[in-house]
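Chains, contacts and geometry: an overview
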Amino acid sequence: MQTAECLNHLSPYLFAQIDAKKAALIEQGIDVISLGIGDPDKPTPSHIVDAMAEAIRKPENHQYPDYAGSLEYRRACATYMKRRFDVDLDPATEILALIGSKEGIAHLHTAFVNPGDYVLAPAIGYPVYSGGATLQNANTYFMPMNKENGFLADFGTVPEEVLKRAKIMFLGYPNNPTGACATAEYFDRAIAFCCEHDILLAHDNAYCDICYNGYSAPSILQRPHAKECCIEFFSLSKSYNMTGWRIGFACGNQQAIEALGTVKNNLDSGQFTAIQEAGIAALTGSQTCVEEMCLLYQRRRDLIVDALRALGVECESPKATIYVWAKVPEGETSESFATKLLEEAHVVVTPGNGYGPQGEGYIRISLTTPDDRLLEAVDRIKSLV
Ligand SMILES: *Cc1c(COP(=O)(O)O)cnc(C)c1O
């Protein structure tokens, strides 16, 4: 049996070595604390769970869902976009329900990329942007992204021959893993660039609601001309502690929404309508739960940033996301420092090189660990000094 060649071109799993060491320590009975995974530790808010409990009992929800999402769910997405960003969207033509935003991001490649084409992806980023291209037998061009450019991927240096075959440019701010946030001016430049070169700009806004100290992350669709070339991905996973439910949406440019919808019509049958009803409760209900989560993560962020700085580790305190992106000390690599924290403090962090070559020299720490465990991890890290 022979699998498709593209499978051989997918990036190897870069965290395998750390995972193996972690498993060996646990095997020895050592108490390992993981600050590695970006998966909210708190349960889904109860009003959302209650909406699901009610929806699951309705027989009409037991049949095939609407492919594009129920009109009620898409209306709730529109209501959210209006309330949160003052962006007007037509639920029928400019919004598409997704089975988690990862699904939509991955399938966008099928809708727009031919074999041999290019996808432009940030040099440090969510692996699905380039993985989706690989599965389409297309190429990824990594846009430089580093501390000097504020971790705002630099599309100005993309070579002409790449631009001719570039179909999608992926950006995502607030950014996983760096925590960087984009300015309106950066978005405007990216929109002008993509409109000029006839490239679809796909903005991944999974962390827009996880903001600190009064910051409120924007939608790219707030910018002029955005609907001419942009599709934006939203996820209920991080905002409402719903990673396991698999619900999100895409919105923006009508042609892009229609093309992604066509791919999905042929591949899946939509998300369970009861889950969409829970999504409506999340998007249109009280947002107090989101505010509470942000305050919790903000406290944890401060604990982690203080501990790292006490250790002499350089890091920005992020304005958004559930991650702290920290420079490893002089003489260490991402892998060696992550290994040291694991072996000497029994704390798991993610080596930055797992997000692309320019992530080398960094580690990512996630804020989704319960308070008592996080405090214990902080103590252990501080005692390394
Ligand atoms: C978590 C995350 C998502 C959201 O994934 P879902 O499939 O909606 O759970 C998308 N993009 C990035 C960068 C993420 O970190």
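See above for the structure.
Every value quoted in this text rests on a predicted model; they were computed, and no experiment measured them.

A separate point is the packing of aromatic side chains. Within this structure, the stated rule accounts for 15 aromatic pairs. Arranged with centres 6.1 Å apart and planes meeting at 85 degrees, the rings of Tyr80 and Phe85 form a pair that is edge-to-face. Judged by relative accessible area, which is 4%, Phe85 ranks as buried. Their ring planes at 45 degrees and their centres at 4.9 Å tell us that Phe155 and Phe193 sit as a pair that is tilted. Taken together, the residues span a long stretch of sequence, with Phe155 in the loop between strand S4 (139–143) and helix H7 (160–164) and Phe193 in helix H8 (residues 184–197) at a distance of 38 residues. Both residues of the pair, Phe155 and Phe193, belong to the buried class. In this structure, Lys319 is placed above the aromatic ring of Tyr215, and the distance from its NZ or CZ to the ring centre is 4.5 Å. Over the face of the ring belonging to Tyr362 we find Lys327, whose NZ or CZ atom lies 4.7 Å from the ring centre.

In the vicinity of the ligand, the contacting residues are Gly100, Ser101, Lys102, Tyr126, Asn176, Asp204, Ala206, Tyr207, Ser235, Ser237, Lys238 and Arg246. With respect to the ligand, the backbone of Ser101 contributes an N or O atom lying 2.8 Å from an oxygen atom. Ser235 has a polar side-chain atom sitting 2.7 Å from an oxygen atom of the ligand. Its free accessible area being 390 Å², the ligand has 92% of it covered by the protein chains. Breaking the shell around the ligand down by element, the ones donating at least two residues are helix H5 (101–112) and helix H10 (236–239). Of the residues contributing to the shell around the ligand, the split by class is 3 nonpolar, 5 polar and 4 charged.

Criteria and thresholds
- Residues numbered from 1 in each chain as written.
- Predicted model: local features only at pLDDT ≥ 70, side-chain atom pairs only at ≥ 80, totals over all residues.
- Heavy atoms only, no water.
- Phe/Tyr/Trp six-rings, centres within 6.5 Å; stacked < 30°, edge-to-face > 60°.
- Buried < 20%, exposed > 50% of the residue type's maximum accessible area, 1.4 Å probe, protein only.
- Helix = DSSP H or I, 4+ residues; strand = E, 2+ residues; numbered from the N terminus.
- Lys NZ or Arg CZ within 6 Å of the ring centre and 35° of its normal.
- Near = heavy atom within 4 Å.
- Polar contact = N/O pair within 3.5 Å; in protein donor to acceptor, adjacent residues only side chain to side chain.
- Areas by Shrake-Rupley, 256 points an atom, 1.4 Å probe, with all protein chains shown as cover.
- Nonpolar A, V, L, I, M, F, W, Y, C, P; charged D, E, K, R; others polar.

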